[in-house]
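For reference, the chains in residue letters:
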Amino acid sequence: MRRIAPLVCALVLGFASGAEAQSAAVSDAGAQAWVRIFAVASHPRCTNCHVGASGRPAWDGLGYGATKLHGMNIVAGDSRIGAETIPCRTCHIGAAGPNDRPHAAPQVDDAWRLPPVELAWRGKSGAEVCAQLRNPETNDGFDLADLIDHVRTSEFVRYGFEPGAGRTPAAGSTATLAKDLQAWGDAGMPCPQD
Ligand code: HEC
Ligand code: HEC
């Protein structure tokens, strides 16, 4: 027994440091994945819709300067689809289009609208967006599996990566974003402020 004990000890320690190294690698990968997720979430192709209570969509990064609100005084209102004033579908149609004419209203196969107010990302820091996203209570009920499903299937997210008409796309694809969300989730959704 006296001889075995140190051996067992060494084995246990060996396993422990192996597991620690593995979990350090997972949390490293998660932190790096978050940097890429936020690079997408803070891109104008996403933040022009992900605006807050003002209900004013934006035209940032479309050739009018770094920041610019949607022309023609468009306001989405509580309905988030402009039902109170001019509905988004007046110009954005709500059916797939070629999106090949610069500065024409983008068209996708869904009713063009703003997300709920709590999903506002425009002008927010990485720490703020991260805290909001990982908490289903401030995330319109989306948990990790819902988030991944959403980015894989949403016509709006796809548009952000393939906007057409010479617009700058967000970096990556729906597949790379889904993969990064999974890596971030596997690491316990780390945020820069943790
Ligand atoms: C046309 C407006 C529009 C654009 C552009 C848009 N979104 Fe959204 N987004 C929405 C709406 C609306 C919802 C609410 C869910 C729904 O109704 O489909 C949403 C919800 C989400 C959600 C799930 C809930 C949450 O945590 O915010 C994620 C993730 C998301 N969007 C990511 C993106 C990313 C990434 C981009 C850019 C690549 C993007 N969106 C571009 C309108 C948009
Ligand atoms: C009168 C026509 C019109 C109406 C109504 C309208 N839009 Fe637009 N929208 C446009 C045009 C045109 C563009 C393209 C601007 C450009 O690329 O220079 C645009 C672009 C956008 C963009 C920027 C997309 C990007 O890739 O960055 C968002 C976001 C947007 N609209 C949201 C909305 C929302 C939400 C509504 C309803 C509340 C709405 N729009 C109503 C004409 C309209």
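Attention here is on the structure that accompanies the text.

Thresholds, definitions, all that
- Residues numbered from 1 in each chain as written.
- Chains lettered and ligands numbered in written order.
- Predicted model: local features only at pLDDT ≥ 70, side-chain atom pairs only at ≥ 80, totals over all residues.
- Heavy atoms only, no water.
- Core = buried A, V, L, I, M, F, W, Y, C linked by side-chain atoms within 4.5 Å.
- Buried < 20%, exposed > 50% of the residue type's maximum accessible area, 1.4 Å probe, protein only.
- Helix = DSSP H or I, 4+ residues; strand = E, 2+ residues; numbered from the N terminus.
- Contact = heavy atoms within 4.5 Å.
- Near = heavy atom within 4 Å.
- Polar contact = N/O pair within 3.5 Å; in protein donor to acceptor, adjacent residues only side chain to side chain.
- Nonpolar A, V, L, I, M, F, W, Y, C, P; charged D, E, K, R; others polar.
- Donors = N, O, S within 2.8 Å, 3.2 Å for Na, K, Ca; no water.
- Tetrahedral: all angles 85-135°; square planar, octahedral: opposite > 155°, others 65-115°.
- Expected span 1.5 Å × (residues − 1).
- Arc of directions from axis to C-beta.

Note on soluble globular proteins: their nonpolar side chains tend to be buried together. Ranked by internal contacts, the top residues of the largest apolar core, which has 24 residues, are Trp34, Leu133, Leu177, Leu181 and Trp184. Secondary-structure elements contributing two or more residues to this core are helix 1 (4-41), helix 4 (126-133), helix 5 (144-153), helix 6 (155-161) and helix 7 (174-186). Element by element, the count of residues in this core is highest for helix 1, at six residues. Those residues in contact with Leu181 that lie beyond four places of it in its chain are Ile37, Leu144, Leu147, Ile148 and Val151.

Before going further, it helps to spend a moment on the site of ligand 2. Taken together, 26 residues lie around ligand 2, and Tyr64, His70, Cys88, Cys91 and His92 are the ones closest in. For ligand 2, a nitrogen atom lies 2.8 Å from a polar atom in the side chain of His92. Interatomic distance of 2.6 Å between a side-chain N/O atom of Tyr159 and an oxygen atom of ligand 2. Residue classes in the shell around ligand 2 are distributed as 19 nonpolar, five polar and two charged.

What follows concerns the coordination of the iron atom of ligand 2. At this site the iron atom of ligand 2 is bound by His70 (NE2) and His92 (NE2), with donor distances of 2.0 Å. For the iron atom of ligand 2, the six donor atoms in the first shell make angles of 87 to 180° at the metal, a pattern classed as octahedral. Here His92 lies in helix 3 (residues 89-92) and His70 lies in the loop between helix 2 (44-47) and helix 3, a separation of 22 residues in the sequence. His92 carries the same exposure label as His70, and that label is buried.

This part is about helix 7. Taking 1.5 Å of rise per residue, 13 residues should cover 18 Å, and helix 7 covers 18 Å from first to last C-alpha, within 8% of that figure. Here helix 7 has its buried residues at Leu177, Ala178, Asp180, Leu181, Trp184 and Gly185. Buried residues along helix 7 cover an arc of 165° about the axis, so they all sit on one side. Of the residues in helix 7, the exposed ones pointing more than 90 degrees away from the buried face are Ala175, Lys179 and Asp186. Positive backbone phi, at 85°, marks Gly188, one or two positions downstream of helix 7.

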